[in-house]
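Inside the fold
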Amino acid sequence: MNTQEERMQQLRTMEDYVEEQGPLLESLVLLNQSKVIVEIGVAEAKTTKYLCNGSRLHDGTVYGYDLWDTHGLNKQFEHWSSKEKCEQHLRDNDCTNYELTQIDSTTQEFKDLIKQKHPVIDFAFIDGCHSYSGIKNDFDVLYPQLSETGVMIYVLNLMMVHLILLHSHMAL
């Protein structure tokens, strides 16, 4: 388990990361003219703000899903945010084009919800469970729903290196 000081340093690093990558994500959503944006792993909604801004011009909506609870393969990560805090952050940043749902993305309930609610997804941003099984689950649930021009972006933390993997149907 990390000390409080180590955790604060990680949060500062994540905040820097979001501030650097957020405008890129906003631009990708805007350029793709995305109307249905799905985000798995909302955390504090820092990235959600950029997704909302990018989708505003095309009357898009960001659908954010997060557990907002203790998580990890061994339940080793404490939660530090909540749906209510995220909604407040988005309101404070003049975002209105979003819908947040507290749910475990590994459940059948989540799979059924995605199929029913999002028959077509234009942009998927995945920053949820970083384990192999978590990443595979999110891919298996969202990929079949991607539109012809759909884009799927993953954020992976591997040994403290942030990688963004971009997948688009256009590249197939």
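To keep things clear, this report deals only with the structure shown in the data block. Keep in mind that what you see is a predicted model, and the values were worked out from it rather than measured.

Moving on, we get to the side chain of N97. Looking at the secondary structure, you find N97 in the loop between α3 (83-92) and β3 (98-102). Reaching out from N97, the side chain makes a polar contact with the side chain of S55 at a distance of 3.0 Å. Excluding anything up to four places from it in sequence, N97 contacts C52, S55, R56, G60, T61 and V62.

Counting 19 residues, the largest nonpolar core has L51, Y98, L100, F123 and F125 as the members making the most contacts within it. Looking at this core, the elements with two or more residues in it are α1 (4-31), α2 (46-56), α3, β3, β4 (121-126) and β5 (146-158). The greatest single-element share of this core, amounting to 3 residues, is contributed by β5.

Next up on the list: the pairing of strand β2 (residues 61-66). Along any regular strand, the residues point their side chains to alternate faces of the sheet. Burial analysis of β2 places 5 of its 6 residues in the buried class, which makes it a mostly covered element. Between the parallel elements strand β1 (residues 36-40) and β2, the chain passes through α2 in a crossover that is right-handed. Note: β2 against β3, 5 bridges, orientation parallel. Bridge pairing in β3 places G64 opposite L100.

Our next topic: the pattern of salt bridges. Counting across every chain of the model gives 2 salt bridges. Between E99 and K117 there is a salt bridge, with its nearest N and O atoms 2.1 Å apart. Of the two residues, E99 is situated in strand β3 and K117 in helix α4 (residues 108-117); the sequence distance between them amounts to 18 residues. E99 sits in the partly exposed class, given a relative accessible area of 31%. Judged by relative accessible area, which is 32%, K117 ranks as partly exposed.

So, on to the packing of α4 against helix α5 (residues 132-142). Where α4 meets α5, the closest approach of the two axes is 10 Å, and the angle between their N-to-C directions is 30 degrees. By the angle class used here, α4 and α5 are roughly parallel. The two elements α4 and α5 cross, and the hand of that crossing is right-handed. Note on element contacts: α5 touches α4 through N137, V141 and L142, opposite F110, K111 and I114. Here the contact of α4 with α5 is built from residues that sort into 4 nonpolar, 1 polar and 1 charged.

To continue, consider α2. Of all 11 residues that make up α2, 8 are buried, and the element is covered over most of its length. Those residues of α2 not exposed but buried are T47, T48, K49, Y50, L51, C52, G54 and S55.

What counts, and at which threshold
Within any chain, residue numbers begin from 1 and follow the written order of that chain's sequence. Totals for whole chains, interfaces and linings use all residues, but because this is a predicted model, local features are given only for residues with pLDDT of at least 70 and pairs of side-chain atoms are given and counted only at 80 or more. Only hydrogens and water are set aside when side-chain values are computed; all heavy atoms of the structure are taken into account. Helix and strand definitions follow DSSP, with helices as H or I runs of at least four residues and strands as E runs of at least two, each counted in order from the N terminus. Counting of polar contacts relies on pairs of N or O atoms within 3.5 Å, with two restrictions inside protein: one atom must be capable of donating a hydrogen and the other of accepting it, and residues adjacent in sequence are counted only when both atoms are side-chain atoms. Two residues form a contact once any of their heavy atoms are found within 4.5 Å. What is meant by a nonpolar core is a set of buried Ala, Val, Leu, Ile, Met, Phe, Trp, Tyr and Cys residues, joined one to another through side-chain atoms within 4.5 Å. The buried label applies to any residue whose accessible area, calculated with a 1.4 Å probe on protein chains only, is under 20% of its type's maximum; exposed applies above 50%, and partly exposed to all values in between. The crossover handedness rule: strands pointing away from the viewer, path from first strand over the helix to second strand clockwise, crossover right-handed. Should DSSP find at least two bridges between two strands, the strands are regarded as paired. For this document, the term salt bridge refers to a Lys or Arg side-chain nitrogen within 4 Å of an Asp or Glu carboxyl oxygen. Note on definitions: angles span 0 to 180 degrees between N-to-C directions of axes, and those axes are lines fitted to C-alpha atoms, for helices only across the stretch in contact. Any angle between 65 and 115 degrees counts as roughly perpendicular, while under 35 counts as roughly parallel, over 145 as roughly antiparallel, and the rest as oblique. By convention the crossing between two helices is left-handed if the near helix lies anticlockwise of the far one by an angle smaller than a right angle, and right-handed if it lies clockwise. Under the scheme applied here, ten amino acids are nonpolar (Ala, Val, Leu, Ile, Met, Phe, Trp, Tyr, Cys and Pro), four are charged (Asp, Glu, Lys and Arg), and all others, including Gly, are polar.

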